[in-house]
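# Tertiary structure, described
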Amino acid sequence: MRLGYQWVRMTEAVPPYLAPGRDLRLDFFRGLALWFIYLDHVPNNIVSWLTVRNYGFSDATEIFVFISGYTAVIAYSRMMLREGWPRTAVRIYRRVWQLYVAHILLFVAFTAQIAYVSIARDTPQLIEEMQLMGLGENPYRAIVETVLLKFRPVNLDVLPLYIVLLAAFPFALPALLRWPYTVILASIAFYAATCHFNWNLPGYPDGKVWFFNPMAWQVVFYSGAVLAVVAHRLEIFDRWRWVAASLAIAYLAFAGFIALSWHYNSLERLIPDWIARQIYPIDKTNIDILRFVHFLAMAWLVRLAVRPNARFLKWRVLEPIRRCGEHSLQIFCLGTFLALTAQIIVARYEDSIVSQLLVSLAGLAIMSLAAYAASWFKAESRGTRT
Amino acid sequence: MSRRIFAASFAMVALWSAAAGAERQCRASRNLLELNNPLEIARAAVAEERQLRIVAMGSSSTQGYGASNPKYSYPAQLQIKLEAAMPGVDVHVYNKGVGGQDAPEMVDRMRADVKPEHAHLVVWQVGTNSAIRRDPLTRFAEKLRSGIDIGRSLGANFVMMNLQYVPAVVALPDEEDYARVMAEVAREKGAGLFRRFEIMRSWYNDGMPYAQFVTNDGLHLNDFGQKCIGKLLSMSILEAIRPRRLTGAPNTPH
């Protein structure tokens, strides 16, 4: 196992991807992102006031994609050093296949839920309302476009992004370990070019494009990936960490003020036009630079505030969040499915606040239970194998 | 300890949402809803053929970007509201929204998008992207004229829908010039004008926060905004094609 490491330049600190043990922060924050995504996917949910999206530019998507990049390196780099590139590429593609199957299954379950509710409640307008555009009009074409990932109804666009990112990942991995700085520069350049030339992948119906443009969002994924290789070298910046932290806090305060101004016109009137002209629109499809920087500022503060061995990461009350983070794929799919259920229930009770609170709590509880069950199965299958 | 933090944050959220959750209703004053056009072709189609075919030409607003569900886009809402208001009339709204486009691109596809649908009415949502791209006003006006000419040669009335009142547009130095040019061209060419900009500004001035009707990119309408525009547009059109009715409430079937 040691042999392969030799060409990696070893500094006194260990790069994160070679560090032994599991970094609990990854599980915790990914779990938190999954909770946020669930809460945000229930329209007008008052509990979504707990999520990051209302306090600045970025939201849970950035957290999820960033951590996905980081963990991709942790999961596959050692394997590559040990067993070589071909086997690793095959392994990554096995994962891509799992994601793909999960996405298709989710699509079917999601559509079936809408159909079921419509039939059970005898409300055909729900099918129309949630219209999975074109599925009713041209089902054959819609199925082909679904398989090609071009047709992605409401809320089903995060997994396709992840699938595309991970499918390209084997080709970046060797360079990532050898020349991490070159990779991040290339990634940023590609992002800039994508925004400038307005590149995107085609969607369905014709004329639509990907809501999360993979060619832009890759910059978040590769920031995570590169940091998994070089994060230990960030320590040289620690001399100025409070300067950086102050800048980050100032930026978050600015973003927080802007976000608050969307809710209070009296604050909104304080923002001069020339500033508004610089910041709007804050594009999500091509992850606007303001969103990206907002995420990086948060990540920097989290790095300072939450060390890998932070005590609270082991608190029992927070264990459900960590468990969800450990089984992110299953929990993500479940959460998307449940968010639809929640949406239907809340609509049935005319957006009452009690129903919002209840479906939020119930959804998170179901997600957590499923995560515990998944851990249990995993432990069991491991137990029988060895 | 951690439990207490949890309880505290939940309490905070409850207070916060109570303060921010004062939802305001979808409405606009009657004179803002005036299209200033009788829409003869659309009216005749409803009266004589019992049908109304509408093409919604536009950019991302029309396409429904920002709505959580395509059925919430204003063209889909327009169809729902018109059908409810005119039972027995066959209403079709064809969504021809393509994100990022504006007058020049839309003029190029006007014929291809309007002709096959045999539209009685074209709702042309335009101007926002031209204003953002700072297209010259004279060229913008020219494109509007030729677009209307193409549509009319195919036998359709026009309702121009002007810019949306959102942070990204309000911050522009000359967005009102684009709205003014649209009003001028509409008057000159005998097209109706749906004053989305002025209507949404009245929401804002009535104290409705942006968060209620705009997505957090500061540019696109969210579910509420899309649905409300669809509803108000349907009221405007109904008012225009049934001018004898004096009071509002076009949703009441006759």
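Only a predicted model underlies this, so the values are computations on that prediction, with no experimental measurement involved. Each chain has its residues counted from 1, running along the sequence as written. Here chains are named by letter from A upward and ligands by number from 1 upward, in the order in which they appear as written. With pLDDT at 70 or above as the cut-off, local features in this predicted model cover only qualifying residues; side-chain atom pairs require 80 or more to be listed or tallied, and sums for whole chains, interfaces and linings still use all residues.

To continue, consider the overall build of chain B. Per the secondary structure count, chain B includes twelve helices and five strands. Going through the 254 residues of chain B one by one, you find that 54% of them count as buried. By the criterion used throughout, residues are in contact when their C-beta atoms, derived from the backbone, lie within 7 Å. In chain B, the share of contacts with a sequence separation of at least 24, taken over all contacts with a separation of at least 6, comes to 81%. Put simply, DSSP marks the helices as runs of H or I at least four residues long and the strands as runs of E at least two long, and each gets a number from the N terminus on. Burial in this document is a count-based property: other C-beta atoms within 10 Å of a residue's C-beta are tallied, and the residue is buried at 20 or more, exposed at 12 or fewer, or partly exposed in between, with C-beta positions derived from the backbone.

On to the overall build of chain A, then. Across its full length, chain A holds 15 helices and zero strands. Rg of the C-alpha trace for chain A: 22 Å, near the compact-globule value of 21 Å for 386 residues, within the 12% margin. For the C-alpha atoms alone, the extent of chain A along its principal axes is close to 65 × 60 × 45 Å. The burial tally for chain A puts 41% of its 386 residues in the buried class. Within chain A, counting contacts between residues at least 6 apart in sequence, those at least 24 apart form 77% of the total. For a compact globule the rule gives 2.2 Å times the number of residues to the power 0.38, and the radius of gyration it is set against comes from C-alpha atoms.

So, about the packing of helix H2 (residues 60-83) of chain A against helix H3 (residues 85-120) of chain A. Residues and elements named next belong to chain A. Axes here mean lines fitted to C-alpha atoms, for a helix over just the part in contact, with angles spanning 0 to 180 degrees between N-to-C directions. Between H2 and H3, the shortest axis-to-axis distance is 7 Å and the interhelical angle comes to 145°. Across the interface between the two elements, Tyr76, Met79, Met80 and Glu83 from H2 touch Trp85, Arg87, Thr88, Arg91 and Ile92 from H3. Looking at side-chain class alone, the contact of H2 with H3 contains five nonpolar, one polar and three charged residues. When residue character is reported, Ala, Val, Leu, Ile, Met, Phe, Trp, Tyr, Cys and Pro are called nonpolar, Asp, Glu, Lys and Arg charged, and the others, Gly included, polar.

Turning our attention to the confidence of the model for chain A. Per-residue confidence from the predictor is given as pLDDT, running between 0 and 100. Of all residues in chain A, 93% attain a pLDDT of 70 or more, and the chain-wide mean is 90. Between residues 1-11 of chain A, whose pLDDT stays under 50, and residues either more than four places distant or in other chains, the model counts seven contacts.

Attention now moves to the confidence of the model for chain B. Residues and elements named next belong to chain B. Summing up the model confidence of chain B, the mean pLDDT is 89 and the portion of residues at 70 or higher is 86%. This model gives residues 245-254 a pLDDT under 50, and the stretch forms ten contacts once residues within four places in sequence are excluded. Predicted complex, confidence summary: ipTM 0.82, pTM 0.88.

Moving on, we come to the sheet that holds strand S5 (residues 192-194) of chain B. Residues and elements named next belong to chain B. Pairing between two strands is assigned when DSSP locates at least 2 bridges connecting them. The five strands are arranged S2-S1-S3-S4-S5 in an open sheet whose pairing can be described as parallel. Looking at strand neighbours, the two that pair on one side only are strand S2 (90-97) and S5, the edges of this open sheet. Shown here is a sheet whose adjacent strand axes are inclined to one another by a mean of 20°, direction ignored. Where strand S1 (residues 51-58) lies against strand S3 (residues 121-125), four bridges are found, and the strand directions are parallel.

All names here are of chain A. Counting 87 residues, the largest nonpolar core has Ala33, Trp35, Tyr38, Val73, Leu176, Trp217 and Ala225 as its most contacted members. Tallying contributions element by element places helix H6 (residues 158-178) first for this core, with 13 residues. Ignoring any residue separated from it by four or fewer positions in sequence, one finds leucine 176 in contact with Val73, Val183, Ala225, Val226 and Val229. The term nonpolar core refers to a group of buried residues, namely Ala, Val, Leu, Ile, Met, Phe, Trp, Tyr and Cys, whose C-beta atoms join them within 7 Å.

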